[in-house]
Amino acid sequence: MTTVKDLSHYLADDQLSKQQILDLITLAIAIKKTPENYSQALAGKSVAMIFEKPSLRTHVSFDIGINKLGGHALYLGQQNGKLGERERVSDYAKNLSCYADAIVARVFENNSIEQLAQHGSVPVINALCDLYHPCQALADFVTLAENFSDLEKVKLAYVGDANNVSNSLMLMASILGVDFTLVCPEGFGPDLNIANKAIAFGKVSGAKLLLTHDITELGSQDAIYTDTWISMGDEDPAKKSAILATFSPYQVNHKLMAKAGASIVMHCQPAHLEEEITTKLFDSEMSVAFQSAENRMWAQNAVLVTLLGNE
Ligand code: NVA
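Residues numbered from 1 in each chain as written. Predicted model: local features only at pLDDT ≥ 70, side-chain atom pairs only at ≥ 80, totals over all residues. Heavy atoms only, no water.

Participant: How should I be thinking about the packing of helix 5 (residues 134–147) against helix 11 (residues 289–308) in this particular structure?
Facilitator: When two helices pack together, you describe them by how their axes are tilted relative to each other and by the distance separating the axes. The N-to-C vectors of helix 5 and helix 11 enclose an angle of 115°; their axes lie 8 Å apart at closest approach. As far as their axial angle goes, helix 11 and helix 5 are roughly perpendicular. Here helix 5 runs over helix 11; the crossing is right-handed. Residue-level inspection shows Cys135, Gln136, Leu138, Ala139, Asp140, Val142, Thr143, Glu146 and Asn147 of helix 5 in contact with helix 11, the latter providing Gln291, Ser292, Asn295, Arg296, Ala299, Gln300 and Val303. Partitioned by chemical class, the residues of the contact of helix 5 with helix 11 number six nonpolar, seven polar and three charged. (Axes fitted to C-alpha atoms, helices over the stretch in contact; angles between N-to-C directions. Helix = DSSP H or I, 4+ residues; strand = E, 2+ residues; numbered from the N terminus. Parallel < 35°, antiparallel > 145°, perpendicular 65-115°, else oblique. Left-handed = near helix turned anticlockwise from the far one by under 90°. Contact = heavy atoms within 4.5 Å. Nonpolar A, V, L, I, M, F, W, Y, C, P; charged D, E, K, R; others polar.)

Participant: How should helix 6 (residues 164–176) be read in this particular structure?
Facilitator: Given 3.6 residues per turn, any residue in an α-helix points the same way as the ones three and four places further on. For helix 6, spanning 13 residues, the distance from its first C-alpha to its last is 18 Å, which sits close to the expected 18 Å at 1.5 Å a residue. With 13 of its 13 residues buried, helix 6 lies for the most part within the structure. Where helix 6 begins, one side-chain oxygen reaches toward the backbone nitrogen of Val165, 2.9 Å away; that side chain belongs to Asn163. Of the residues one or two after helix 6, Gly177 is the one with positive phi, at around 90°. (Expected span 1.5 Å × (residues − 1). Buried < 20%, exposed > 50% of the residue type's maximum accessible area, 1.4 Å probe, protein only. Polar contact = N/O pair within 3.5 Å; in protein donor to acceptor, adjacent residues only side chain to side chain.)

Participant: Where do I start with the pairing of strand 6 (residues 179–183) in this structure?
Facilitator: Two faces belong to every sheet, and in a regular strand the side chains alternate between them. Most of strand 6 is tucked away, with five of its five residues classed as buried. Across the two faces of strand 6 the burial is the same, with Asp179, Thr181 and Val183 and Phe180 and Leu182 all buried. Looking at chain direction, strand 6 and strand 7 (residues 209–212) are connected through four bridges and run parallel. The partner of Val183 across the bridge, within strand 7, is Thr212. Regarding the hand of the β-α-β motif, the stretch spanning strand 6, helix 7 (residues 192–205) and strand 7 is right-handed. (Pairing = 2+ DSSP bridges. Right-handed = clockwise from strand over helix to strand, strands pointing away.)

Participant: Quick question: what am I supposed to make of empty space enclosed by the protein here?
Facilitator: Think of a ball as big as a water molecule: rolled over the atoms, this probe shows where empty space is left. In total, this model carries one cavity of 30 Å³ or more according to the counting rule given. For the largest cavity, the calculated volume is near 30 Å³. Looking at the largest cavity, the residues that line it are Ile50, Phe51, Glu52, Gly77, Asn80, Gly81, Leu83 and Tyr92. Here the residues of the lining of the largest cavity sort into four nonpolar, three polar and one charged. (1 Å grid on protein atoms, 1.4 Å probe; cavity = no way out; pocket = protein on both sides within 12 Å on 5 of 7 lines; lining within 4 Å. Points joined across faces, edges and corners; volume = space filled by probe spheres on them.)

Participant: Explanation requested: the state of the cysteines in the structure shown.
Facilitator: One pass over the structure, following the stated rule, counts zero disulfides. Cys129 takes part in no disulfide bond, and the closest cysteine sulfur, belonging to Cys135, lies 11 Å away. (Disulfide = S-S within 2.5 Å.)

Participant: Help me understand the layout of surface pockets, please; the structure alone is not making it clear to me.
Facilitator: Quantified by volume, the largest pocket comes out at close to 410 Å³. Lining the largest pocket are 26 residues; nearest its centre among them are Asp227, Thr228, Met232, Gln269 and Pro270. Sorting the residues of the lining of the largest pocket by element identifies helix 2 (57–68) and helix 6 as the ones contributing at least two each. Considered class by class, the residues forming the lining of the largest pocket number nine nonpolar, nine polar and eight charged.

Participant: What is the right way to look at the nonpolar core in this model?
Facilitator: Across soluble globular proteins, nonpolar side chains show a tendency to be buried alongside one another. Membership of the largest hydrophobic core comes to 89 residues, with the highest contact counts inside it found for Tyr10, Phe141, Leu144 and Leu156. Ranked by residues supplied to this core, first place goes to helix 11 with nine residues. Among all residues touching Leu144, those that are not within four sequence positions of it are Leu151, Val154, Leu156, Ala223, Ile264 and Met266. In this structure, Val183, Ile224, Val265 and Ala289 belong to the second largest nonpolar core, which totals 17 residues. (Core = buried A, V, L, I, M, F, W, Y, C linked by side-chain atoms within 4.5 Å.)

Participant: Sorry if this is basic, but what is going on with the side chain of Asp23 here?
Facilitator: Its location among the elements puts Asp23 in helix 1 (residues 18–33). Nearest to the buried, unbridged Asp23 among oppositely charged side chains is Lys5, at 6.0 Å. In this structure Asp23 touches Thr2, Thr3 and Val4, once residues within four positions along its chain are discounted. (Lys, Arg positive; Asp, Glu negative; His and termini not counted. Salt bridge = Lys/Arg side-chain N within 4 Å of Asp/Glu carboxyl O.)

Participant: Would you take a moment to explain the site of the ligand for this structure?
Facilitator: Contacts to the ligand come from Leu128, Asn163, Asn164, Val165, Asp227, Thr228, Ser231, Met232 and Gln269. Within the contact set of the ligand, a nitrogen atom lies 3.3 Å away from a side-chain nitrogen or oxygen of Asn163. A distance of 2.9 Å separates a nitrogen atom of the ligand from a polar atom in the side chain of Asn164. In the complex, the protein chains occlude 94% of the 270 Å² of accessible area that the ligand would expose alone. Spatially, the ligand is embedded in the largest pocket. The residue makeup of the shell around the ligand, split by class, is three nonpolar, five polar and one charged. (Near = heavy atom within 4 Å. Areas by Shrake-Rupley, 256 points an atom, 1.4 Å probe, with all protein chains shown as cover. Sits in = over half its atoms within 2 Å of the grid points.)

Participant: Got a minute to help me understand the sheet that holds strand 9 (residues 264–267) in this structure?
Facilitator: In a beta sheet, neighbouring strands are held together by backbone hydrogen bonds and run either parallel or antiparallel to one another. Spatially, the five strands line up as an open sheet ordered 7-6-5-8-9, and their pairing is parallel. A strand with exactly one partner marks an edge of an open sheet, and here the two such strands are strand 7 and strand 9. The average angle at which neighbouring strand axes cross in this sheet is 15°, direction not considered. Alignment of strand 5 (residues 155–159) against strand 6, held across five bridges, turns out to be parallel. Opposite Leu156, over in strand 6, you have Phe180 as the bridge partner. Contacts from helix 5 reach strand 5, strand 8 (223–226) and strand 9, with the element oriented near 165° to strand 9. Against the sheet, helix 6 makes contact with strand 5, strand 6, strand 7 and strand 8, and its axis sits at roughly 155° relative to strand 6, the strand it touches most.

Just geometry here; none of it tells us what the structure is for.
This is how it looks when you write it as structure tokens:
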């Protein structure tokens, strides 16, 4: 049975080693193949799930995934308002640690994730924040491992808005040694600190990183990834039409796929059809969006089994 060493939380991709990511991918695939072997892995364990933002896949895949591991999931929605408003995040963490064996949190600010981990006494899993979406990235690399025989030879490009999803993908790719191209309009590129971390990881792993505004520099790719042009928390109706105009040359469509010679298109969903991706491409055979959606559950279960599984 695969084990992942020395993981106490799952907060951000840059805190993971190459070996830990590879072991989590292997474990996710093992759980997917033989879920019955893990049906009691979380028996007697409860997981508190905080959601400050809306969610379909994350909520359902954690809830049903925890159930498949024999554990109990508790959903804490937005009725408690923004974390830190009704009571301090540190107190929230200490209270939840009295009852729950782990905390899953989708939050507006990365700082809330950090504080939950710092002040709670149970493992914390980042289920999306403004900077990272590490559960999605892990599921996406499971999907890439299923579609390509040698993960380290895959060329992955992300086209669109640099956001939590692209940050996590870029960091994981650069740790794993996967060549990664990020194409974003000017003014919508990655956080410099995160880009520098990825460049440093790439120097160790050998991953080639290209960050550009020029869509003609996309080059040849195996997989092209895109996500919404406007992430949760960034919505501003007054800016929407300007954003659509700025991003329209960056739409992922059949023409772009053909130009790059890419065989698969990836999307974390929800998809904004005819904006970042055409309906025709999203619905095509090339799309692995639903494979990745399913893999969210297996990837997260690998994280849960690692952090709090019964021996
Ligand atoms: N970048 C998106 C991802 C949604 C799963 C957002 O933060 O809204």
